[in-house]
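Here is how the chains run, residue by residue.
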Amino acid sequence: MLNTSGPGTIATDATIAVTDVTTNNASTSAHGFLKKLDNTATNFMNGQGNWAAAGGGFTSQFRAALNGNKSISFGTNKVPFDVELFDTGAEYDPTTNYRFTATSTGYYFLSASATVTSAGSGAYGIRLKLNGTTYFDGCNGPTIAQTKTYTVSGVYSLTAGDYVEIWFYVNEASGTQTCYDAYAGTHDGSGFSGFRVA
C-alpha cells in the first residue's frame, strides 16, 4: 500500500494506492489486511484466511422415478427408473443401466421402493445390488392378490466407481405383474433416491 501524495503527508482513502502484495494480509498468527476477494458471491473467508464455499456440503444428490407403469415377470427384474427428478452430481443413469454410480468415496443414504400388484401367493422382494452383487434382499410372500409397496433404505459405504441398482424378485409364474409409476401421481411408492452424508 502506497501513499501517492509523497512523504510527510497524511494518507487518506483518496491518496492510497493498493497493490497485489500479500505480505501484510491477516493470518492465524497476526492481524492484517483482508486478502483480495475471489469474485465468488457465495464464498466466505474461513478461520484459516481462505475463501471457501459456505456449508461445506456434498453435491451428490439424486432422485429417479418410473415414467409410466412397468411390467415385471417371473424371476429377477431390474427396475428401470427412467425419469430423473434431480441429479446434482450427474451420477444417475436413467437411459441405459438405470443405476447410481458414486463419483467419490464416502457414506451414502440410499432409498428405493416399488409398488407392485401380485396375482396371488408367491415370493416377492426388492433387492439392492452393489456392483452387480445382491447387497440387500427383502422378500415377502403375499397370500392373496394385492398391491403392496416394497422398500429398502440405509447408509452404505461406497468407493468412487461403485454402482448401485434396484431389482425386483418375482417367484410367481402366473403372468406378468405391474410395477406402478409414482411420477405421474396415480400410485405412490416407486422411486430411487440418495445423497452422500459423509
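Residues numbered from 1 in each chain as written. Predicted model: local features only at pLDDT ≥ 70, side-chain atom pairs only at ≥ 80, totals over all residues. Heavy atoms only, no water.

With that out of the way, let us pick up the environment of Gly49. Note that Gly49 resides in the loop between β3 (43–45) and β4 (51–53). The sequence separation of Gly49 and Thr28 amounts to 21 residues, and the corresponding C-alpha distance is 7.4 Å. (Helix = DSSP H or I, 4+ residues; strand = E, 2+ residues; numbered from the N terminus.)

Next up on the list: a nonpolar patch on the surface. Taken together, the side chains of Tyr107, Val155, Phe195 and Val197 make up a nonpolar region of the molecular surface, amounting to roughly 380 Å² of accessible area. Within the secondary structure, Phe195 is located in strand β17 (residues 191–196). Since its relative accessible area comes to 40%, Phe195 is described here as partly exposed. (Patch = residues over 30% accessible without salt bridge, like charges linked within 9 Å, V, L, I, M, F, W, Y side chains within 5 Å. Areas by Shrake-Rupley, 256 points an atom, 1.4 Å probe, with all protein chains shown as cover. Salt bridge = Lys/Arg side-chain N within 4 Å of Asp/Glu carboxyl O. Buried < 20%, exposed > 50% of the residue type's maximum accessible area, 1.4 Å probe, protein only.)

All right, on to the pairing of strand β15 (residues 163–171) then. Where strand β7 (residues 75–78) lies against β15, four bridges are found, and the strand directions are antiparallel. Note that in β15 the partner of Thr76 across the bridge is Tyr169. Two strands pair when backbone bridges link them, and strand β10 (residues 99–101) and β15 are joined in this way by two bridges, in the antiparallel orientation. Residue pairing for β15: Phe100 is matched across the bridge by Val164. Bridge count between strand β12 (residues 123–130) and β15: eight bridges; the pairing is antiparallel. The partner of Leu128 across the bridge, within β15, is Ile166. (Pairing = 2+ DSSP bridges.)

Per the counting criterion, the structure on display carries 11 aromatic pairs. Note on Phe109 and Phe195: the rings are 5.6 Å apart at their centroids and 40 degrees apart in plane angle, and the pair reads as tilted. Pair noted here: Phe109 is in strand β11 (residues 106–118) and Phe195 is in strand β17, with a separation of 86 residues, a long-range link. Accessibility expressed as a relative area gives 28% for Phe109, which makes it partly exposed. For the pair Tyr150 and Phe168, a centre-to-centre distance of 5.1 Å together with 75 degrees between the ring planes defines the contact as edge-to-face. Note that Tyr150 is positioned in strand β14 (residues 146–158) and Phe168 in strand β15, a separation of 18 residues in sequence. As far as the burial class goes, Tyr150 and Phe168 line up, both buried. A connected cluster of aromatic rings, assembled from ring pairs, spans Phe62, Phe81, Tyr92, Phe100, Tyr108 and Phe192. Its guanidinium or amino end placed over the ring of Tyr163, Arg99 lies 3.7 Å from that ring's centre, counting from NZ or CZ. (Phe/Tyr/Trp six-rings, centres within 6.5 Å; stacked < 30°, edge-to-face > 60°. Lys NZ or Arg CZ within 6 Å of the ring centre and 35° of its normal.)

What follows deals with the pattern of salt bridges. A complete count under the given rule lists three salt bridges for this structure. Here Asp82 and Lys70 are joined by a salt bridge, their closest N and O atoms 2.8 Å apart. Remark: Lys70 occurs in strand β6 (residues 70–72) and Asp82 occurs in the loop between β7 and β8 (83–87); sequence separation between them is 12 residues. For Asp82, a relative accessible area of 24% gives the class partly exposed. Judged by relative accessible area, which is 18%, Lys70 ranks as buried. One salt bridge connects Glu165 with Lys78, and the closest N-O pair in it is separated by 2.9 Å. Separated by 87 residues along the polypeptide, Glu165 in strand β15 and Lys78 in strand β7 bring together distant segments of the chain.

To continue, consider the side chain of Asp93. With respect to the secondary-structure elements, Asp93 resides in strand β9 (residues 92–93). Buried charged residue Asp93 carries no salt bridge. Nearest counter-charge: Arg99, at 6.0 Å. At a separation of 3.0 Å, a polar atom in the side chain of Asp93 contacts the main-chain amide nitrogen of Thr95. Within the structure, Asp93 has its side chain in polar contact with the backbone nitrogen of Thr96 (distance 3.1 Å). In this structure Asp93 touches Tyr98 and Arg99, once residues within four positions along its chain are discounted. (Lys, Arg positive; Asp, Glu negative; His and termini not counted. Polar contact = N/O pair within 3.5 Å; in protein donor to acceptor, adjacent residues only side chain to side chain. Contact = heavy atoms within 4.5 Å.)

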